[in-house]
Amino acid sequence: MPDRLVLATAPGLVPVLTPLLPGAYIVTDPQHLGAALQSSSGSAIRLICIGYGHIVPASWLALCRAGAVNVHPASPDYPGSGGNHLALYEGAAQFGVTAHVMVPAVDAGPILAFRPFDIPVGIGHRSLDDLTFPVLLSFISDLAPYLTGQKPWPDPPGLSWRSRARRRSDVLALARVTMDMAPEERQRRWRAFHEGPDSILTCWHEGQAVPYRPGGRVRGWIDGIVGDAIHGWAHDPGRPPVTVRIEVDGHPIGDILADTYRADVAAAGHGDGRCGFRIMTGNLPPGSDRIDFLLPGDEWCRIPGGPVSLPG
């Protein structure tokens, strides 16, 4: 039973994690974490890291006499950085959240528990993050009695890390697209990295890196299938809202107005955020194989992120 529980996390997670781990002392940066561990070195401290984003030095882990646990938003197949990107790049069928004992090496300690979920067809990394977040919160809620020491840990699931932990530099290298790549390889990297205005995808030509940006004045992305609908957004700073044409297997089937509020798009600086749209997959013709979204004023200007394919 730990005498003190220290929770290291990201500032944005504090409001949602506080009710799940009541009584935990919360820190959000290395300076405060070091001070909290060193000031309580005589106690049985248990450290919990959730979305912390910093490496905890071995000397600090040694102060955690009641152990240290990291909750990793990825499956054991993807230790280290960029698990969401790597899962999409490899075409993984499942993703999830992993709890493991912290050791000096990143994402290398014994696995204590794992909560998986299926990856929907056609989504990008931001949409995968959206699906992972509620699983993370549910997982922590269920693990709370074990994390706080109220219950002993159940038998481990018998899982192992697949490989070494990926570094940020590994992920950035994978986000590069070159003109001499095979089309299949370019498509895999596109799927894994293109989604959202904060995309790290870069196109390399003659030794120069060009960050990916959609062409034209209108910005937009197709987020893919989330639940039972295809989601996306399109913003024209000079003439909102944008009318988006839906094309199925090369044939236009109708138009939709992009005027639904998207807080994430507004936060990225694209107008007031009233530029989202969605179409229910059940409203598409049966057997639809390729769904594109484009701007009616230019039949060749397709919104990045498409096409979308419906599950078989």
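Preceding this section is the structure that the text describes.
Reference entry: report on the structure contained in this document. (Residues numbered from 1 in each chain as written. Predicted model: local features only at pLDDT ≥ 70, side-chain atom pairs only at ≥ 80, totals over all residues. Heavy atoms only, no water.)

**Digging into the packing of aromatic side chains**
Taken as a whole, this structure holds four aromatic pairs when the rule is applied. Between Phe-277 and Phe-293 the ring centres are 5.5 Å apart and the planes differ by 40 degrees, which places this aromatic pair in the tilted class. A residue pair is termed long-range when its members are at least 10 positions apart, and Phe-277 in strand β15 (residues 274-280) and Phe-293 in strand β16 (residues 291-295) qualify at 16 residues. Both residues of the pair, Phe-277 and Phe-293, count as buried. The aromatic ring of Tyr-25 is capped on one face by Arg-4, whose charged end is 4.5 Å from the ring centroid. The positively charged end of Arg-188 is found above the aromatic ring belonging to Tyr-89, 4.1 Å away from the centroid. (Phe/Tyr/Trp six-rings, centres within 6.5 Å; stacked < 30°, edge-to-face > 60°. Helix = DSSP H or I, 4+ residues; strand = E, 2+ residues; numbered from the N terminus. Buried < 20%, exposed > 50% of the residue type's maximum accessible area, 1.4 Å probe, protein only. Lys NZ or Arg CZ within 6 Å of the ring centre and 35° of its normal.)

**Quick look at the nonpolar core**
Taken as a class, soluble globular proteins show a tendency for nonpolar side chains to be buried jointly. Ranked by internal contacts, the top residues of the largest apolar core, which has 41 residues, are Leu-21, Ile-48, Ile-50, Phe-95 and Ile-119. Among the elements that take part in this core, helix α5 (residues 125-147) stands out by supplying nine residues, more than any other. Counting 19 residues, the second-largest nonpolar core is a separate cluster that includes Val-242, Ala-258, Phe-277 and Ile-303. (Core = buried A, V, L, I, M, F, W, Y, C linked by side-chain atoms within 4.5 Å.)

**Some details on the packing of helix α4 (residues 83-90) against helix α7 (residues 183-193)**
Two elements in contact, α4 and α7, have axes whose closest approach is 8 Å; the angle formed by their N-to-C orientations is 145 degrees. Where α4 crosses over α7, the two elements pack in a sense that is right-handed. Across from His-85, Leu-88, Tyr-89 and Glu-90 in α4, the residues of α7 making contact are Glu-185, Arg-188, Arg-189, Arg-191, Ala-192 and Phe-193. Tallied by class, the residues present in the contact of α4 with α7 amount to four nonpolar, one polar and five charged. (Axes fitted to C-alpha atoms, helices over the stretch in contact; angles between N-to-C directions. Left-handed = near helix turned anticlockwise from the far one by under 90°. Contact = heavy atoms within 4.5 Å. Nonpolar A, V, L, I, M, F, W, Y, C, P; charged D, E, K, R; others polar.)

**A look at the sheet that holds strand β5 (residues 94-101)**
Ordered in space as β2-β1-β3-β4-β5-β6, the six strands form an open sheet in which the pairing is mixed. The sheet is open, and its two borders are formed by β2 (25-27) and β6 (111-118), each paired with just one other strand. The mean angle between the axes of side-by-side strands here comes to 15 degrees, regardless of whether they run parallel or antiparallel. Relative to β2, strand β1 (residues 4-9) runs parallel, the two being bridged by three bridges. When the bridges of β2 are listed, Ala-8 appears paired with Val-27. In the packing of α5 onto the sheet, contacts are made with β1, β3 (45-50), β4 (68-72), β5 and β6, and the angle to β6 comes to roughly 145 degrees. (Pairing = 2+ DSSP bridges.)

**Quick word on the pairing of strand β13 (residues 251-258)**
When strand β12 (residues 242-248) meets β13, the two strands line up antiparallel, connected through seven bridges. Bridge pairing in β13 places Thr-243 opposite Leu-257. The loop that links β12 with its antiparallel partner β13 comprises two residues; one of these, Asp-249, has a positive phi angle of about 50 degrees.

**A word on the sheet that holds strand β7 (residues 176-178)**
In a beta sheet, neighbouring strands are held together by backbone hydrogen bonds and run either parallel or antiparallel to one another. The three strands lie next to each other as β7-β8-β9, forming an open sheet whose pairing is mixed. Of all strands in the sheet, those bounded by a partner on one side alone are β7 and β9 (208-211). Between one strand and the next, the sheet's axes are offset by a mean angle of 35 degrees, whatever the strand orientation. Pairing between strand β8 (residues 202-205) and β9: four bridges, direction antiparallel. Following the sheet pairing, Cys-203 is matched in β9 by Val-210.

**A short note on empty space enclosed by the protein**
Taken as a whole, this structure holds one cavity of 30 Å³ or more when the rule is applied. When its volume is computed, the largest cavity comes out at roughly 30 Å³. Split into classes, the residues belonging to the lining of the largest cavity amount to three nonpolar, one polar and five charged. (1 Å grid on protein atoms, 1.4 Å probe; cavity = no way out; pocket = protein on both sides within 12 Å on 5 of 7 lines; lining within 4 Å. Points joined across faces, edges and corners; volume = space filled by probe spheres on them.)

**Points about the pattern of salt bridges**
Per the counting criterion, the structure on display carries 10 salt bridges. Between Arg-162 and Glu-90 there is a salt bridge, with its nearest N and O atoms 2.9 Å apart. Of the two residues, Arg-162 sits in the loop between α5 and α6 (168-174) while Glu-90 sits in helix α4, which places them 72 residues apart along the sequence. With a relative accessible area of 42%, Arg-162 lands in the partly exposed category. A salt bridge links Arg-126 to Asp-264; the shortest N-O distance between them is 2.9 Å. Here Arg-126 is found in helix α5, whereas its partner Asp-264 is found in helix α8 (residues 263-267), with 138 residues between them in sequence. (Salt bridge = Lys/Arg side-chain N within 4 Å of Asp/Glu carboxyl O.)

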